[in-house]
Amino acid sequence: MKIIRTTDYDDMSRKAANVISAQVILKPDCVLGLATGSTPIGTYRQLAEWNAKGDCDFSQVSTYNLDEYRGLTHDDPQSYHYFMRTNFFDHINIDLANTHVPDGSNPDAAAACAEYDRLVHDAGYPDLQLLGIGRNGHIGFNEPDDHFSKGTHCVDLTESTIEANSRLFESADQVPRQAYTMGVQTIMYARSILVIANGADKADAVWAMCYGPVTPQVPASILQLHTNCTVIADEAALARCPQE
Ligand code: PGA
């Protein structure tokens, strides 16, 4: 696990965008695994700027997002389909047909998850998977558990995740209780992984991910076993980690 310390959110976002941009330049038809949340917004903004300047071409790239709330239509402003369009896809020259997010509008969880697994498998898994980390150490919506999950599956969100995500809704009551998420095993199939984190409220989770025991109680801790995982985090998120 390689840890890169940045001064602040903007520095984190620029460095993460540099890593993603390098991947796209080295392999123009690469497969990117993408994430939602507050953390990657600056990274997406930076990539969109470089795309507008002609420095990062997404025309052949395909993308697979980690997760989606169950029960939201693709046009629902709270859906991750909508998030990805408004925060990234609408601002770059990607072919929307090459972008993929689990289908939260399909109430048949088994079918929706199996279909998504098939798509990710057929794409050959991501060359680069971008991840945020939850305050409880979750990746995607893989919450602390007694085992590491495998493929895409339907999860019940924990109270802490519902509370953390309620800032984006009018109230916690409106946060969907379930989501479809890529499993931890699928995430580990990515050839390289980039985790980004900022802010003091992530410091415990980032320490546990990088230095704690590998345990499904901290799903991100399994990334210690990945052969090509980079963490880019700001000083506040790395406050508990030793300076290396
Ligand atoms: P955040 O979410 O970027 O909004 O902090 C990260 C996550 O929960 O994975």
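Keep in mind that what you see is a predicted model, and the values were worked out from it rather than measured.

**Structural notes on the overall build of the protein chain**
Item 1. Looking only at helices and strands, one finds 7 helices and 10 strands in the protein chain.
Item 2. For 244 residues, the compact-globule formula gives about 18 Å, and the C-alpha radius of gyration of the protein chain, at 17 Å, lands near that figure.
Item 3. Looking at the protein chain residue by residue over its 244 residues, the buried ones come to 53%.
Item 4. Here the protein chain has roughly 10,500 Å² of accessible surface; of this, 50% comes from carbon and sulfur atoms.
Item 5. Side-chain charges in the protein chain split into 17 positive and 32 negative, and the spacing between the mean points of these groups amounts to 5 Å.

**Some words on the layout of surface pockets**
Item 1. The space that makes up the largest pocket amounts to roughly 720 Å³.
Item 2. As for the largest pocket, its lining consists of 35 residues, and the residues nearest its centre are Thr 36, Gly 37, Ser 38, Asn 165 and Arg 167.
Item 3. Those elements that provide at least two residues to the lining of the largest pocket are strand 4 (67-69), helix 3 (80-87) and helix 5 (159-165).
Item 4. Residue contributions to the lining of the largest pocket peak at 4 residues, all from helix 5.
Item 5. Classifying every residue of the lining of the largest pocket gives 15 nonpolar, 15 polar and 5 charged.
Item 6. Approximately 150 Å³ is the volume found for the second largest pocket.
Item 7. In terms of lining, the second largest pocket is formed by 14 residues, of which the most central are Asn 142, Glu 143, Asp 145, His 153 and Val 155.
Item 8. Class assignment for the residues of the lining of the second largest pocket results in 7 nonpolar, 4 polar and 3 charged.

**A few points about the pattern of salt bridges**
Oppositely charged side chains are able to pair whenever their charged atoms sit close together.
Item 1. Evaluated as defined, the whole model comprises 9 salt bridges.
Item 2. Where Asp 11 meets Lys 15, a salt bridge forms, and the shortest distance between an N and an O atom there is 2.7 Å. Here Lys 15 and Asp 11 lie together in helix 1 (residues 9-26), a separation of 4 residues that amounts to about one turn.
Item 3. Each of Asp 11, Arg 14 and Lys 15 takes part in a single network of salt bridges with overlapping partners.

**Let's talk about unusual backbone geometry**
Item 1. For Tyr 125, which is not a glycine, the phi torsion comes out positive at approximately 70°.
Item 2. Turning to its location among the elements, Tyr 125 is positioned in the loop between helix 4 (109-122) and strand 6 (128-131).

**Focus on the site of the ligand**
Item 1. The full set of residues close to the ligand is Gly 37, Ser 38, Thr 39, Gly 132, Ile 133, Gly 134, His 138, Arg 167 and Lys 202.
Item 2. In this structure, an oxygen atom belonging to the ligand sits 2.9 Å away from a main-chain N or O atom of Ser 38.
Item 3. The side chain of Thr 39 places a nitrogen or oxygen atom 2.4 Å from an oxygen atom of the ligand.
Item 4. For the ligand, whose free accessible area comes to 280 Å², the fraction covered by protein is 82%.
Item 5. Put simply, the ligand lies in the largest pocket.
Item 6. In terms of residue class, the shell around the ligand is made up of 1 nonpolar, 6 polar and 2 charged.

**Topic: the sheet that holds strand 7 (residues 153-156)**
Item 1. A sheet is described by the order of its strands in space; here 3 strands give the open sequence 4-8-7, paired in antiparallel fashion. Edge strands, defined here as strands with exactly one partner in the open sheet, are strand 4 and strand 7. Averaged over all adjacent pairs, the angle separating strand axes in this sheet is 25°, with direction ignored.
Item 2. Bridging between strand 4 and strand 8 (residues 178-181) involves 3 bridges; their strand directions are antiparallel. Bridging from a neighbouring strand, Tyr 69 pairs with Ala 179 of strand 8.

**Things to note about the packing of helix 1 against helix 2 (residues 41-52)**
Helix-helix packing is described using two parameters, namely the angle between the two axes and the distance between the axes.
Item 1. Close contact between helix 1 and helix 2 brings their axes to 8 Å; oriented N to C, the two are set at 55°. Between helix 1 and helix 2, the interaxial angle falls into the category oblique. Note that helix 1 runs across helix 2; the crossing there is right-handed. Residues Tyr 9, Ser 13, Arg 14, Ala 16, Ala 17, Asn 18, Ile 20 and Ser 21 of helix 1 pack against Ile 41, Gly 42, Thr 43, Gln 46, Leu 47 and Trp 50 of helix 2.
Item 2. The residue makeup of the contact of helix 1 with helix 2, split by class, is 7 nonpolar, 6 polar and 1 charged.

**Observations regarding the nonpolar core**
Item 1. One finds Leu 32, Phe 58 and Phe 88 to be the most contacted residues of the largest nonpolar core, which totals 37 residues.
Item 2. Of all the secondary structure elements, the ones that give two or more residues to this core are helix 1, strand 2 (31-34), helix 2, helix 3, strand 6 and strand 9 (193-197).
Item 3. Sort the elements by how many residues they give to this core and helix 1 lands first, with 5 residues.
Item 4. Listed in part, the 28 residues of the second largest apolar core include Val 120, Ile 193, Ala 205 and Leu 223.

Quick notes on the rules
Residues numbered from 1 in each chain as written. Predicted model: local features only at pLDDT ≥ 70, side-chain atom pairs only at ≥ 80, totals over all residues. Heavy atoms only, no water. Helix = DSSP H or I, 4+ residues; strand = E, 2+ residues; numbered from the N terminus. Rg over C-alpha atoms; globule rule 2.2 N^0.38 Å. Buried < 20%, exposed > 50% of the residue type's maximum accessible area, 1.4 Å probe, protein only. Areas by Shrake-Rupley, 256 points an atom, 1.4 Å probe, with all protein chains shown as cover. Lys, Arg positive; Asp, Glu negative; His and termini not counted. Charge placed at Lys NZ, Arg CZ, Asp CG, Glu CD. 1 Å grid on protein atoms, 1.4 Å probe; cavity = no way out; pocket = protein on both sides within 12 Å on 5 of 7 lines; lining within 4 Å. Points joined across faces, edges and corners; volume = space filled by probe spheres on them. Nonpolar A, V, L, I, M, F, W, Y, C, P; charged D, E, K, R; others polar. Salt bridge = Lys/Arg side-chain N within 4 Å of Asp/Glu carboxyl O. Near = heavy atom within 4 Å. Polar contact = N/O pair within 3.5 Å; in protein donor to acceptor, adjacent residues only side chain to side chain. Sits in = over half its atoms within 2 Å of the grid points. Pairing = 2+ DSSP bridges. Axes fitted to C-alpha atoms, helices over the stretch in contact; angles between N-to-C directions. Parallel < 35°, antiparallel > 145°, perpendicular 65-115°, else oblique. Left-handed = near helix turned anticlockwise from the far one by under 90°. Contact = heavy atoms within 4.5 Å. Core = buried A, V, L, I, M, F, W, Y, C linked by side-chain atoms within 4.5 Å.

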